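Residues per chain, in single letters:
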Amino acid sequence: MVLNYIWIGFIIIAFVFALFRLVFEHDTQVFNEIIRAIFDSSAKGFEVAIGLTGILSLWLGILKIGEKAGLIEALSRFSSPVLRRLFPGIPEGHPASGTIFMNISANMLGLDNAATPIGLKAMKELQSLNDRKDTASNAMIMFLNINASGLTIIPITIMMYRAQFGAANPSDVFIPIMIATFCSTLVAILSVCFIQKINIFQKSLLLFFSGFVLLIAGLLFFFHSLPSDKVSVYSSLTANLVLFTVICLFLLSGIVKKINVYDAFILGAKEGFFTAVKIIPYLIAILVAIGVFRASGAMDFFIDAIRWLVAACNFDTSFVEGLPTIFMKPLSGSGARGMMLDAMNTFGADSFVGRLSCVAQGSTDTILYVVAVYYGSINIRNTRHTIPCALLADLIGAIAAITVTYIFFPVN
């Protein structure tokens, strides 16, 4: 229901702004831009889904091998002490726990290509436990919010872009991103726990959160002790090594269990293909709404209004130029990435705005994309409190991104 209102809201606001530009600014090209955005966004949605087809087929094939070899069940038992508290609706030992654990691990390592198909597999497992097939369950909402909060320990892609744009130290945003994304994820989990009345003071959860804080602190210490030119190298090596190790482990487990690895892979790959086809309409719908919103000029209007308001309060307006990335992040991953690259190209990779855009890009994930793809794959229409909780986490992530950027990179 919430997604329905958001989708309609984008279209209505875009139409109002287009009329405003036509009547008051005599901009006769505005509706041409909107129609072009509709067609371009439709094509983009289809391209994204087709691009996912190969990745989904690969990873769901690998997961099917792990499932038949018993690895998913083993991961489920390993992660159950924590996941059983955060996801009380999942029975102990259910395959959903194992795929959720793998998805969160892949996200933390910045392995988006692996995280998405594993997440879609997790949604399918959660749907098997769902009594109301068109309504999101509590477990789905918690899982979606953890994904939408974008917890990423190793932001490889952002550091790579900074290097391409000539940053003196591409990894200088590493610690600010880690702090910002940790804040957004913590708020996402706590907000869902509050609504679903999950007791966060359970021993296993307290130990988990304490251990996670220690892990973050240890990684911060380790990467801070490395030479600046080695941070991105070690980050990339760690993520890729883990990824390839997982693939080899699943294949070896299949061989040890004496299953037909090839047939299992083909069976899973077929599931990946049909899943990719199923999400095409959902992707096209949300990308068209966002494209129209941008083309109408509504985004630029909101940015200008905030700049005027901040200046009127005699506050520093340096962060305002980074708001396009922040505002675009929950709407479109590629759009936010484009805003980040544009900020680095316009102001410089080592400018305050350039760094703020990078930190904001790494602080959260694309909420509406995640909701459209994950829920679309299992035909969920009533998302309940998924989006409000995710938007709250996104807001906290944005505030944290702006705050830590001012702390780490003061404006001269």
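Quick note: structure is the one above.
What you see is a predicted model; the values in this text were computed from it and never measured.

Sorry if this is basic, but what is going on with the nonpolar core here?
Taken as a class, soluble globular proteins show a tendency for nonpolar side chains to be buried jointly. Core analysis: the biggest nonpolar cluster contains 67 residues, and F87, I100, M123, L126, M142, F143 and Y375 have the highest contact counts within it. Not counting the four nearest positions on each side in its chain, F87 is found in contact with I100, A139, M142, F143 and I146. Ranked by size, the runner-up nonpolar core spans 26 residues in total, among them A180, I303, F352 and C358.

Help me understand a nonpolar patch on the surface, please; the structure alone is not making it clear to me.
Together, F15, L19, F20, L22, V23 and F24 line one region of the surface with nonpolar side chains, adding up to about 570 Å² of accessible area. Looking at F15, the relative accessible area reads 48%, which means it is partly exposed.

Explain helix α13 (residues 298-312) to me, please; I cannot follow it from the model alone.
Three or four residues apart is the spacing at which side chains of an α-helix point the same way, because the helix has 3.6 residues per turn. Look at α13: 21 Å from first C-alpha to last across 15 residues, which is about the 21 Å you get at 1.5 Å a residue. Among the residues trailing α13, N314 stands out with phi positive, at a value near 60°.

So what exactly am I meant to see when it comes to the packing of helix α6 (residues 138-148) against helix α17 (residues 367-376) here?
Geometrically, a packed helix pair is captured by the angle between its two axes and the distance between the axes. Look at α6 against α17: their axes get within 9 Å of each other, and the N-to-C directions meet at 140°. One element, α6, and the other, α17, form an angle in the oblique class. The two elements α6 and α17 meet at a crossing, and its hand is right-handed. Residues M140, I141, F143, L144, N147 and A148 of α6 form the contact with α17, whose own contacting residues are I367, V370, V371, Y374 and Y375.

Is there a simple way to think about the pattern of salt bridges in this case?
Oppositely charged side chains can form a pair if their charged atoms are brought close together. This structure, assessed with the given rule, holds 8 salt bridges. A salt bridge links D350 to R162; the shortest N-O distance between them is 3.1 Å. Taken together, the residues D350 in the loop between α15 (333-347) and α16 (352-363) and R162 in helix α7 (residues 156-164) connect sequence positions 188 residues apart. Residue R162 is classed as buried on the basis of its relative accessible area of 0%. One salt bridge in this structure joins R307 and D304, with 2.8 Å as the shortest N-O distance.

Explanation requested: the environment of A168 in the structure shown.
Mapped onto the elements of the fold, A168 is located in the loop between α7 and α8 (174-196). Given the relative accessible area of 69%, A168 is considered exposed. In the structure, A168 is positioned 181 residues away from A349 in sequence and 8.4 Å away in space, judged by C-alpha atoms.

For this particular structure, what's the right way to read the side chain of T185?
By the secondary structure assignment, T185 is in helix α8. When sequence neighbours within four positions are dropped, the list of residues in contact with T185 reads S149 and L151.

What exactly am I supposed to notice about the side chain of R21 here?
One can find R21 in helix α1 (residues 2-24). When residues no more than four places from it in sequence are discounted, the contact partners of R21 are H26, D27, V30, E33, A295, S296 and G297.

Help me understand the environment of L252 in this model?
Along the chain, the position of L252 falls in helix α10 (residues 228-256). On the basis of relative accessibility, which here comes to 53%, the residue L252 falls in the exposed class. Separated by 186 residues in the primary sequence, L252 and G66 place their C-alpha atoms 9.4 Å from one another.

Would you explain the packing of helix α12 (residues 280-295) against α17 in this entry?
For the pair α12 and α17, the least separation of the axes is 8 Å and the interaxial angle reads 160°. Relative to α17, the element α12 is oriented roughly antiparallel. Considering the relative orientation of α12 and α17, their crossing is right-handed. For the pair α12 and α17, the contacting residues are Y282, L283 and I286 in the first and L368, Y369, A372, V373 and G376 in the second. A class-by-class count of the residues in the contact of α12 with α17 yields 7 nonpolar, 1 polar and no charged.

About the thresholds
- Residues numbered from 1 in each chain as written.
- Predicted model: local features only at pLDDT ≥ 70, side-chain atom pairs only at ≥ 80, totals over all residues.
- Heavy atoms only, no water.
- Core = buried A, V, L, I, M, F, W, Y, C linked by side-chain atoms within 4.5 Å.
- Buried < 20%, exposed > 50% of the residue type's maximum accessible area, 1.4 Å probe, protein only.
- Contact = heavy atoms within 4.5 Å.
- Patch = residues over 30% accessible without salt bridge, like charges linked within 9 Å, V, L, I, M, F, W, Y side chains within 5 Å.
- Areas by Shrake-Rupley, 256 points an atom, 1.4 Å probe, with all protein chains shown as cover.
- Salt bridge = Lys/Arg side-chain N within 4 Å of Asp/Glu carboxyl O.
- Helix = DSSP H or I, 4+ residues; strand = E, 2+ residues; numbered from the N terminus.
- Expected span 1.5 Å × (residues − 1).
- Axes fitted to C-alpha atoms, helices over the stretch in contact; angles between N-to-C directions.
- Parallel < 35°, antiparallel > 145°, perpendicular 65-115°, else oblique.
- Left-handed = near helix turned anticlockwise from the far one by under 90°.
- Nonpolar A, V, L, I, M, F, W, Y, C, P; charged D, E, K, R; others polar.

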